[in-house]
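As a plain string of letters, each chain reads:
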Amino acid sequence: MLTWLVLACSTGPELSPAASKGRTVYQANCTACHNIDPARDGTLGPAVKGASRELLEARVVPGTYPPGSTPKRTTTLMVPLPAVAGSVDDLAAYLE
């Protein structure tokens with residue numbers, strides 16, 4: 001019984017320090033539109049698990065797409081989040 005209780009309270013696999021910071025950035029800035037689970041589509045934004053660092057930097061900072069990238073959705077709802085610019089590496093580590 002105690003083992004089950006411990007497993008039920010687990011938060012999942014242990015994250016690296018960068019990925020842990022990235023999870024905090026994601027939860028604070030992304031979950032309003034993207035799902036709390038980055039592998040699933042959100043209410044407005046698509047699933048972002050596995051997004052490349054290049055894509056994240058282009059989408060999050062200036063709100064563009066990297067050259068040759070094909071958007072998952074054709075909407076232009078996502079606004080630039082320049083305050084997150086210094087956390088793109090951490091965000092990429094979390095979404096990896």
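See the structure above.
Residues numbered from 1 in each chain as written. Predicted model: local features only at pLDDT ≥ 70, side-chain atom pairs only at ≥ 80, totals over all residues. Heavy atoms only, no water.

### With respect to the overall build of the chain
Helix and strand counts for the chain stand at four helices and zero strands. Start at the N end of the chain and walk to the C end: the helices and strands fall as α-α-α-α. Across the chain, contacts joining residues at least 24 apart in sequence account for 51% of those joining residues at least 6 apart. Carbon and sulfur atoms make up 60% of the accessible area of the chain, which totals about 6500 Å². (Helix = DSSP H or I, 4+ residues; strand = E, 2+ residues; numbered from the N terminus. Contact = heavy atoms within 4.5 Å. Areas by Shrake-Rupley, 256 points an atom, 1.4 Å probe, with all protein chains shown as cover.)

### Brief notes about the environment of T31
Tracing the chain through its elements places T31 in the loop between α2 (17–29) and α3 (53–60). For T31 and G42, which are 11 residues apart along the polypeptide, the C-alpha to C-alpha distance reads 7.7 Å. Here the side chain of T31 touches Q27 through a polar contact of 2.9 Å, landing on its backbone oxygen. (Polar contact = N/O pair within 3.5 Å; in protein donor to acceptor, adjacent residues only side chain to side chain.)

### What to know about the pattern of salt bridges
A full pass over the atoms with the stated rule returns three salt bridges. A salt bridge links R73 to D41; its shortest N-O distance comes to 3.7 Å. With R73 in the loop between α3 and α4 (88–95) and D41 in the loop between α2 and α3, this residue pair connects regions lying 32 residues apart in the sequence. The class of R73 is partly exposed, set by a relative accessible area of 27%. Across the pair R53 and D89 runs a salt bridge whose closest N-O atoms are separated by 2.3 Å. Here the residue R53 occupies a position in helix α3, and D89 occupies one in helix α4, the gap between them amounting to 36 residues. Under the relative-accessibility criterion, R53 is labelled partly exposed at 34%. For D89, a relative accessible area of 48% translates into the label partly exposed. (Salt bridge = Lys/Arg side-chain N within 4 Å of Asp/Glu carboxyl O. Buried < 20%, exposed > 50% of the residue type's maximum accessible area, 1.4 Å probe, protein only.)

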